[in-house]
Each structure stands twice: as C-alpha cells, then as structure tokens.
Amino acid sequence: MDKIELLSPAGDLERLKVTLLYGADAVYIGGEKYSLRANATNFSLEDIREGCQFAHKLSKKVYLTLNIVFHNEDMEEVEKYINDVVLCGIDAFIVSDPFLISYIKSNYQVEVHLSTQNSTSNYEAVSFFKNEGIDRVVLARELSLLEIKEIIDKTLIDVEVFIHGAMCTCFSGRCALSNYVTNRDANRGGCAQICRFAFSNDGYNDFTFATKDNNLADYIGDLIDIGVASLKVEGRMRSLYYLATVIGTYREIIDNYYNNSLTEEKMSIFKKRLDRVANRETSSHYLLKEADYTDQYYTGRSEVSNQDYLGQVISYNKDKKLLKFYERNYFEVGDTIELFTSSGEHFEFKVEKLYDEDMNLIEVARHPDNIYYLEVDCDFSIEEYAMLKIVRRLKDEKEFL
C-alpha cells in the first residue's frame with residue numbers, strides 16, 4: 001500500500017509553496033470561479049499554472065475545487081474553465097455536481113474526487129460514485145472510524161478523511177444559515193460563518209452554536225491502518241505560520257508512525273505544537289462516538305489571537321551570521337525564540353543583537369511587516385520560509401511551547 005497522502009489547503013500561491021515545502025504531498029486550491037472560499041485570495045489561471053509547475057518539480061500534486069452548488073448561470077462558462085485549468089496542469093478536480101463528474105471523466109484524463117459537499121456517508125453511495133468514474137471519495141465528516149473502515153473494505157476505493165481544522169455546524173459543510181441570516185450563499189462560496197455569531201438570549205449570556213475545531217492527531221495511526229488514502233487539513237484562509245506548523249507537525253507524526261518511532265514523548269510535543277497554534281478548542285468529534293455537547297460551544301466562547309509567530313525568514317548570511325526576516329509580532333532583546341524550517345530543523349536561541357532595516361542596533365521589534373535582522377549562529381542552512389516563534393519572554397519568563 002502506498003504511503004498515506006497529507007493534503008493541505010492553499011488560499012494563494014505563497015501558501016501553496018509553503019505547505020508543500022513543509023511536507024504536504026498535495027494541495028487543494030480554489031480558482032477565481034466555482035470555489036467555496038470566495039473570500040480567499042484564490043488563484044488566477046497564471047497562479048494555477050505556476051503552482052502546478054512548482055508542485056510537480058517536487059513530485060507533488062495540485063487539486064482544484066469546483067464544488068459549489070451550481071445554478072443555471074454558473075454553467076455558462078464552466079466547460080471552458082475546466083479546459084483552461086486542465087491545460088495549467090491540475091492533477092484532480094474536487095466536485096459534487098453529477099454533470100461535472102460525467103463531463104470531466106468523458107473529456108479529460110484527469111482524476112475526479114467527490115467533494116465532502118456531497119455528504120457521502122455509506123458504502124452503497126460510494127460504490128455508486130465509483131461506478132460513475134470517481135477516483136476518490138472525500139467522505140462526510142460525520143463518520144466514525146468503524147464506518148470509514150467498512151466503506152474502505154467494501155468499496156476498495158481511495159477515501160479522504162478530514163483530520164484538522166474548523167468544523168461547520170451543519171452536515172459536511174452543506175449550510176443554509178448564511179443564506180437566511182445574511183443573504184450570502186455558503187454553498188456558492190459566500191459563507192458568513194453564522195455559526196460563529198453570538199446571538200442575544202433575552203438578558204442571559206449570549207448564545208452560540210459553534211463547533212469546536214477538529215483534531216485527529218491521536219488517531220493518525222488508526223487511519224493509516226484501516227487504509228485511508230488521504231488526510232486533509234482545513235484552512236485555505238489561515239496564516240503561513242499556522243499552515244507551516246500544522247502541516248509540518250502532521251508530516252512528522254505520519255513519518256514517525258511509518259518508521260515505528262512515534263513515542264509518547266514525541267506525540268506530547270506534536271500535540272502541544274498543534275494546541276499552541278490553535279485559537280479554538282479542539283475535539284475528535286464523530287471519530288469514536290456520536291458528537292455531543294462537549295464538541296460544541298454554547299456560551300462563554302473565546303477565540304484568542306495567537307501571538308507566538310514572530311517572523312518569516314527572508315534570507316540568512318552564514319558568513320555574517322545575519323538573519324533577515326519580516327516581523328509579525330512584537331519581541332525584544334533578551335527573549336528566547338525558536339527558528340524552525342521546512343526540512344524539520346528546530347533551533348532555539350536567545351536574542352542578543354537585533355537590528356532595524358538600516359542596520360541600527362535596537363532593543364525592540366514592534367512594527368509588523370517591517371524588515372529586521374538578527375545575529376544567529378546556526379550550523380545548518382536556513383532557507384526562505386523558515387519561521388520564528390516565541391519560546392520565552394524576558395519580561396515575564398513565561399514558557400511557550
């Protein structure tokens with residue numbers, strides 16, 4: 001059996017490059033049309049072409065979402081668009097519309113994956129779509145581990161399982177709340193995240209029905225063992241730091257599992273990394289039991305902005321021991337920070353000398369998106385897209401993970 005695929009979201013070309021460098025085997029993207037993330041930057045045809053070229057040089061893949069609920073006006077140019085993106089080098093389409101399945105399989109030598117928007121949750125439905133030519137089924141998110149295994153055993157088709165990120169308060173993303181409350185159609189890319197809203201409750205605490213994020217880090221080995229083909233992370237609109245951390249961590253979990261070296265100590269470190277980068281609580285939801293009130297927020301929900309991310313590396317001059325980077329969050333001389341790279345290197349050091357863009361010595365980096373320099377004596381190569389994060393702040397000696 002082939003090694004399981006780690007599939008990452010990418011909301012733009014830079015995110016595509018970062019997630020592939022940090023260990024994703026494939027990315028899923030949205031074009032400027034027909035995508036369920038209309039508020040993401042998304043990809044022009046030129047971006048798609050460049051993204052496919054970048055991925056293929058790394059022997060990795062790019063999947064394009066065409067998974068909105070299509071109305072009549074959406075059909076007018078979709079065939080031309082499909083042809084255009086096939087010429088750009090797309091490896092697979094993610095679709096839910098029956099016509100598109102038939103059209104693509106009849107006209108192109110490219111894979112078609114059935115979107116989770118189709119809410120496929122039983123082996124008979126999976127068998128039906130397999131007979132229609134579907135190459136992979138992205139299963140509904142509401143399935144247990146035993147249900148997933150039964151589907152795989154009875155259909156022998158590649159299945160994809162969602163392992164990490166935001167969960168919708170509806171059945172596998174098929175939401176009507178946004179339409180009714182804001183007149184924005186979630187099933188055509190206009191999700192307003194109504195489930196995250198706080199509603200007035202007649203003088204009592206505000207009420208929400210938001211779902212906690214999904215996190216299946218503890219069960220990656222189980223998913224591998226039952227024959228899942230692909231593990232999907234959610235988050236096309238997430239930051240580079242979030243994607244680098246989450247994808248890099250799952251890459252290590254998967255590789256350690258295959259190498260029989262996934263110890264409890266390592267898993268503790270991996271899970272702490274995932275917890276630190278999250279801004280919501282997480283749950284395993286339906287994987288082991290029916291989801292219940294413990295998997296949801298109702299009142300008192302808080303989403304804390306994560307400020308661990310300090311900067312993104314631009315370059316490193318090994319002779320001068322100077323690290324050039326874009327700042328993202330405040331830090332100062334005396335703080336202890338960690339540098340981590342897409343090749344899995346982690347290097348912790350105390351900030352001794354910090355310079356502004358004009359090479360003036362300074363004590364504090366306080367202006368996000370400005371360029372700064374750090375003196376760092378490191379014995380391994382530091383490439384573009386390496387990241388800096390806080391470990392310990394001098395002013396409070398608080399430990400970060």
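Given the structure is predicted, the values throughout are model-derived calculations rather than measurements.

1. Structural notes on the pairing of strand 13 (residues 309-317)
Point 1. Alignment of strand 13 against strand 22 (residues 387-392), held across three bridges, turns out to be antiparallel. Looking across to strand 22, one finds that Tyr 309 is bridged to Lys 389.
Point 2. One ladder, built from six bridges, connects strand 13 with strand 14 (residues 322-327); its direction is antiparallel. What sits directly across from Ser 315, in strand 14, is Lys 324.
Point 3. Counting the residues in the hairpin turn of strand 13 and strand 14 gives four residues, including Lys 321, whose phi is positive at 55°.

2. Some remarks on unusual backbone geometry
Point 1. Non-glycine residue Met 359 carries a positive phi angle of around 65°.
Point 2. Tracing the backbone through its elements, the reader meets Met 359 in the loop between strand 18 (354-355) and strand 19 (361-362).
Point 3. With a relative accessible area of 35%, Met 359 lands in the partly exposed category.
Point 4. The phi dihedral of Tyr 385 is positive, around 80°, even though this residue is not glycine.

3. Here's the deal with the state of the cysteines
Point 1. This model, assessed by the stated rule, comprises zero disulfides.
Point 2. Cys 52 supplies the cysteine sulfur nearest to Cys 88, a cysteine that is in no disulfide, at a spacing of 6.7 Å.
Point 3. Assessed through its relative accessible area of 5%, Cys 88 is described here as buried.

4. Here's the deal with the pairing of strand 1 (residues 5-9)
Point 1. Counting buried residues in strand 1 gives five out of five residues, a clear majority hidden from the surface.
Point 2. Here strand 1 shows two buried faces, one formed by Glu 5, Leu 7 and Pro 9 and the other by Leu 6 and Ser 8.
Point 3. Pairing of strand 1 with strand 11 (residues 230-233), which is carried by three bridges, proceeds in the parallel orientation. Residue pairing across strands places Leu 6 opposite Leu 231, the latter belonging to strand 11.
Point 4. As judged from the three bridges shared by strand 1 and strand 2 (residues 26-30), these two strands associate in the parallel manner.

Rules and cut-offs
- Here the residue index of a chain counts from 1 through its sequence in written order.
- Under the rules for a predicted model, residues below a pLDDT of 70 receive no local features and side-chain atom pairs below 80 are neither given nor counted, while totals for whole chains, interfaces and linings still include all residues.
- Excluding hydrogens and water, the side-chain figures rest on all heavy atoms present in the structure.
- DSSP calls a pair of strands paired once it identifies at least 2 bridges connecting them.
- Working definition: helices are DSSP H or I runs of at least four residues, strands are E runs of at least two. Numbering for both runs from the N terminus.
- Only protein chains enter the calculation, and the probe is 1.4 Å; a residue is then buried if its accessible area is under 20% of its type maximum, exposed if over 50%, and partly exposed in between.
- Any two cysteine sulfur atoms lying within 2.5 Å of each other are counted as a disulfide.

Honestly, that's just the spatial picture; any functional story needs more than this.
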